[in-house]
Amino acid sequence: MDNQQRIRQLETLAQENNWSFSANGKVSAIEKFEFQNGEKRQVDKIENLIEGDGFKIFDVYWKQDFKVSNAFGPLAHKDSSAQNVHRQTIVLFESSNLKLAKFYVYPKDSNNWLNNWIDKAFLQSNFSDYPEFEKRWVVRGSVKQPLNKDVIEFYEKSDNFWTFANENCIFIYQPNVLIHPAEISVWIKRNLILSNLFEEF
């Protein structure tokens, strides 16, 4: 799908759902987004910004290329399979009702390379009481236990995606992936459910 096709499909999706759409936009909360080593990357541009009740979803283009492997490792520039990452779709929920510690939730199959890279000040939480969750997910954050039972059970029923929380913002994404327009509604629904669970935390 070329860029113009993507714009047309996302604009149509927004119109069908009474969401606002802008082919180019600004999202001030993106300044709170951090990669797993604590790095903040400058934004080159934001495209295909959709705004609805309680969420924003957009394609972000970073100013600097980010090297990744198939597992999105930070040291992937040493790997022949590495590719440049400069864009990804992010679903954002921002609320004054949220006061979250900074933490990441990500698929466990990414854990090996993240151990060598993620901010060492972050603690890895233990979820021995939730074996299904612990089998599939890793949580690292500035506090030992940033999730409650309802949030854990949500992840147990979910497919792989990445979450970063910081203060009043929750970012959901897949590294180096522009979400297909046909999947946008599913991603929005997932983000709103998760965000509501955190608001009730």
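Rules and cut-offs
Residues numbered from 1 in each chain as written. Predicted model: local features only at pLDDT ≥ 70, side-chain atom pairs only at ≥ 80, totals over all residues. Heavy atoms only, no water. Buried < 20%, exposed > 50% of the residue type's maximum accessible area, 1.4 Å probe, protein only. Helix = DSSP H or I, 4+ residues; strand = E, 2+ residues; numbered from the N terminus. Phe/Tyr/Trp six-rings, centres within 6.5 Å; stacked < 30°, edge-to-face > 60°. Lys NZ or Arg CZ within 6 Å of the ring centre and 35° of its normal. Salt bridge = Lys/Arg side-chain N within 4 Å of Asp/Glu carboxyl O. pLDDT = per-residue confidence, 0-100. Contact = heavy atoms within 4.5 Å. Core = buried A, V, L, I, M, F, W, Y, C linked by side-chain atoms within 4.5 Å. Expected span 1.5 Å × (residues − 1). Arc of directions from axis to C-beta. Polar contact = N/O pair within 3.5 Å; in protein donor to acceptor, adjacent residues only side chain to side chain. Pairing = 2+ DSSP bridges.

Asker: It is not clear to me how unusual backbone geometry should be interpreted in this structure. Could you clarify?
Answerer: Located in the positive-phi region is Glu167, a residue other than glycine, with phi close to 60°. Exposure remark for Glu167: the relative accessible area of 44% places this residue in the partly exposed category. At Asn176, a residue that is not glycine, the phi angle is positive and equals roughly 65°. Positionally, Asn176 belongs in the loop between strand S9 (169-173) and helix H5 (184-199). Relative accessible area serves as the criterion here: at 25%, Asn176 is assigned to the partly exposed category.

Asker: Could you clarify how one ought to interpret the packing of aromatic side chains in this entry?
Answerer: The geometry of an aromatic ring pair is captured by two quantities: the separation of the ring centres and the angle between the planes. One pass over the structure, following the stated rule, counts 17 aromatic pairs. Consider the rings of Trp162 and Tyr173, whose centres lie 6.2 Å apart with planes at 40°: the pair is tilted. Here the residue Trp162 occupies a position in strand S8 (residues 162-167), and Tyr173 occupies one in strand S9, the gap between them amounting to eleven residues. Three or more aromatic residues joined by ring pairs form one cluster here, namely Phe33, Trp62, Tyr104, Tyr106, Trp162, Phe164, Phe171 and Tyr173. Above the ring of Tyr61, the side-chain terminus of Lys45 is found at 4.8 Å from the ring centroid. Taking NZ or CZ as reference, Arg190 lies 4.3 Å from the ring centre of Trp187, over its face.

Asker: Could you clarify how one ought to interpret the pattern of salt bridges in this entry?
Answerer: Opposite charge on two side chains lets them pair, provided their charged atoms get close. Under the criterion given, the structure shown has seven salt bridges. In this structure, Lys45 engages Glu47 in a salt bridge whose closest nitrogen and oxygen atoms are separated by 3.2 Å. Owing to a relative accessible area of 9%, Glu47 belongs among the buried residues under this scheme.

Asker: It is not clear to me how the environment of Gln4 should be interpreted in this structure. Could you clarify?
Answerer: Here Gln4 lies in helix H1 (residues 3-16). For the pair Gln4 and Ala23, spaced 19 residues apart in sequence, the C-alpha separation works out to 9.9 Å.

Asker: I keep staring at the confidence of the model for the chain and nothing clicks. Help me out?
Answerer: Detailed reading of the predicted model is not advised wherever pLDDT is low. In this model, the chain carries an average pLDDT of 81, and 78% of its residues clear a pLDDT of 70 or more. Long-range and interchain partners of residues 68-84, a stretch whose pLDDT sits below 50, account for 36 contacts in this model, where long-range means more than four residues apart.

Asker: I tried to follow the nonpolar core on my own but got confused; where do I start?
Answerer: Taken as a class, soluble globular proteins show a tendency for nonpolar side chains to be buried jointly. Ranked by internal contacts, the top residues of the largest apolar core, which has 33 residues, are Phe133, Leu147, Tyr155, Phe161, Leu194 and Phe198. Broken down by element, this core gets its largest block of residues, six residues, from H5. Apart from the residues within four sequence positions on either side, Phe198 is in contact with Leu98, Leu100, Phe103, Pro146, Leu147, Val151 and Ile170. Listed in part, the 20 residues of the second largest apolar core include Ile30, Phe35, Val138 and Cys169.

Asker: Can you walk me through H1 in this structure?
Answerer: Along an α-helix, residues three or four positions apart point the same way, because every turn accommodates 3.6 residues. With 14 residues, H1 should cover 20 Å at 1.5 Å per step; its first-to-last C-alpha distance of 20 Å lies within 8% of that length. Those residues of H1 lying buried are Arg6, Ile7, Leu10, Leu13 and Ala14. Along H1, the residues classed as buried sweep out an arc of 130° about the axis, all on the same side. Exposed and facing more than 90 degrees away from the buried side of H1 are Gln15 and Glu16.

Asker: Please explain helix H4 (residues 149-156) as it appears in this structure.
Answerer: Residues Val151, Ile152, Phe154 and Tyr155 constitute the buried set of H4. The buried residues of H4 all sit within an arc of 155° when viewed along its axis, so they share a single face. Tucked inside the fold, the buried residues of H4 contact strand S5 (100-107), helix H3 (131-136), strand S7 (137-141), S8 and H5. Structurally, the start of H4 carries an N-cap: the backbone nitrogen of Asp150 is 3.3 Å from a side-chain oxygen of Asn148.

Asker: Sorry if this is basic, but what is going on with the pairing of S9 here?
Answerer: On a regular strand, each side chain points to the face opposite its neighbour's, so the side chains alternate between the two faces of the sheet. S9 sits mainly inside the fold: five of its five residues count as buried. On S9, burial covers both faces: Cys169, Phe171 and Tyr173 on one face and Ile170 and Ile172 on the other are all buried. The pairing of S8 with S9 spans five bridges and is antiparallel. Bridged to Asn166 within S9 is Cys169.

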